[in-house]
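Observations on the model geometry
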Amino acid sequence: AVLVAAVPAEGVRLAHHADRPDGDDTFKDTAELIEYQEGRYGSYEYGRYGNPTSRACEEKIRILEGAEDCLVSASGMCSATTMLLSLVPAGGHIVTTTDCYRRTRQFIQTMLPKMGISATVIDPSDLNALEDALKKHDVSLFFSESPTNPYLRCVDVPKVCQLCHEHGAIVCIDSTFSTPVNQKALELGADLVLHSATKFMAGHNDVLAGALVGKAELVQQVRKLHFVLGGVIDAHAAYLLLRGLKTLDLRVERQSANALKLAKRLESHPKIQKVHYPGLESHVDHEVAKQQMKGFGGVVSFEVDGDLWATARVIDGVRMPYIAPSLGGVESLIEQPTVVSYWDQTAEARAQVGIKDNLIRFSLGIENYEDIEADLLQALEQA
């Protein structure tokens, strides 16, 4: 038999009392709880409704973007899907662009139709197509990345906002690739800005987070559904995001400078067919980018003069970057979208969304530029 010593009742009471938090999610008595319910006492009440660390993140990002309000969540996709579900009514219509993150496209094409929500997909620079969609449909929302993933297309945010607002449509710009260091879409007229804060904002490839900033009325509308769905960022992830925000401008300036140098170098390389970077005059949206961006971001996409396997040899030949499907961190990352994101698709299906087998996306870190260039050039030579 196992003998268990009895714990005096007084000891249990003392231990329980010592462990009881004096935090923002407990109440001293019923009267205080009623004050909270009636809006006269501030409390998070429950962990799904936020915590002091996540609130500090929200306030910092709000200030960075010059926004009225901010909501952080567990991931960029959590921010995007909750925003779409909150702001687009059943039977509604949205306008989005051809070049975008695959999972965003997947949600728009497979989940939203279950609620009767349809979409018009346009080229990022086709304002005539946008105007036609606004006239033909009762458009609730325009949603696009700028720059986009992976071809770094840039939406003319002021013109898009002018057209959409004339028809009562909300404009949400995903600024993950630009960050508020390089572009402030709210100042350009957007109603909302979305970030996969996993990327440049956190900046160390070690945390998942999302952020939505903009008009308080719209953010609050999204927050209500966010509390129901429960995509809350945990306090430690919020702490890591706060750490990243402290060096955001330093990192992004270095990454943008590295990317511009590499894009210019690759443009003249005999083994490169095409470079996609908005800082280059050859980029289709260069003039738009110049008007609304301070810098052009830390990601460069380029097409190798070769097939899928010749491109894979370039990927395998680099020594500095990690092969990984993310971006924006202090370490350089490299990927072949065909293999990382679209390997389950046929060549025909990939072609329909513009993904080429010889495409490489390179997210530049903060390493010494000369080392980055030398490493990629030797990989191209060996391939």
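The structure displayed is predicted, hence computed values, not measured ones.

1. Things to note about unusual backbone geometry
Among all residues save glycine, negative phi is the norm, and among peptide bonds the norm is trans. Cis rather than trans, the peptide bond between Ser146 and Pro147 has omega equal to -5 degrees. For Pro147, the position within the fold is in the loop between strand 4 (139-145) and helix 7 (157-166). Residue Asn149 is joined to Pro150 through a cis peptide bond whose omega torsion reads 10 degrees. Mapped onto the elements of the fold, Pro150 is located in the loop between strand 4 and helix 7. Residues other than glycine seldom take positive phi values, yet Leu152 does so here, at roughly 60 degrees. Summarising the element assignment, Leu152 is placed in the loop between strand 4 and helix 7.

2. Some thoughts on helix 5 (residues 102-111)
All of the buried residues along helix 5 are Arg102, Thr104, Arg105, Phe107 and Ile108. Contacts from the buried residues of helix 5 go to helix 4 (76-87), strand 2 (93-97), strand 3 (118-122) and strand 4.

3. Remarks on the sheet that holds strand 8 (residues 272-276)
Reading across from one edge, 8-9-12-11-10 is the order of the five strands in this open sheet, with mixed pairing throughout. Of all the strands in the sheet, the pair left with one neighbour each is strand 8 and strand 10 (322-323). As judged from the two bridges shared by strand 10 and strand 11 (residues 333-335), these two strands associate in the parallel manner. The residue of strand 11 that forms the bridge with Tyr322 is Leu333. Contacts between helix 13 (residues 308-317) and the sheet are confined to strand 9 (299-304), strand 10, strand 11 and strand 12 (359-363), with strand 12 contributing the most and set at about 20 degrees to the helix.

4. Considerations on the nonpolar core
Of all hydrophobic cores here, the largest spans 76 residues; its most connected members are Phe142 and Phe302. Residues contacting Phe142, with those up to four places away along its chain left out, are Val95, Thr97, Ile122, Leu130, Val155, Val160, Cys164, Ile170, Val171, Cys172 and Ile173. With 21 residues, the next largest nonpolar core counts Leu71, Met83, Val88 and Val219 among its residues.

5. Looking at the confidence of the model for the protein
Averaged over all residues, the pLDDT of the protein is 93; the fraction at 70 or higher stands at 94%. Segment residues 12-21: pLDDT under 50, and three contacts once partners within four positions in sequence are set aside and those in other chains are kept.

6. So, empty space enclosed by the protein
One pass over the full model with this rule turns up two cavities of 30 Å³ or more. The space that makes up the largest cavity amounts to roughly 50 Å³. As for the largest cavity, its lining consists of Thr96, Cys100, Thr104, Phe143, Ser144, Glu145 and Asp174. Here the lining of the largest cavity gets three residues from one element, more than from any other, and that element is strand 4. Here the residues of the lining of the largest cavity are counted per class, giving two nonpolar, three polar and two charged. Reported here for the second largest cavity is a volume of approximately 40 Å³. As for the second largest cavity, its lining consists of Leu71, Val72, Ser73, Cys78, Ser79, Thr82, Leu212 and Val222. Mapped by element, the contributors of at least two residues to the lining of the second largest cavity are strand 1 (69-73) and helix 4. Of the residues belonging to the lining of the second largest cavity, the class tally is five nonpolar, three polar and no charged.

Cut-offs used in this document
Residues numbered from 1 in each chain as written. Predicted model: local features only at pLDDT ≥ 70, side-chain atom pairs only at ≥ 80, totals over all residues. Heavy atoms only, no water. Helix = DSSP H or I, 4+ residues; strand = E, 2+ residues; numbered from the N terminus. Buried < 20%, exposed > 50% of the residue type's maximum accessible area, 1.4 Å probe, protein only. Contact = heavy atoms within 4.5 Å. Pairing = 2+ DSSP bridges. Axes fitted to C-alpha atoms, helices over the stretch in contact; angles between N-to-C directions. Core = buried A, V, L, I, M, F, W, Y, C linked by side-chain atoms within 4.5 Å. pLDDT = per-residue confidence, 0-100. 1 Å grid on protein atoms, 1.4 Å probe; cavity = no way out; pocket = protein on both sides within 12 Å on 5 of 7 lines; lining within 4 Å. Points joined across faces, edges and corners; volume = space filled by probe spheres on them. Nonpolar A, V, L, I, M, F, W, Y, C, P; charged D, E, K, R; others polar.

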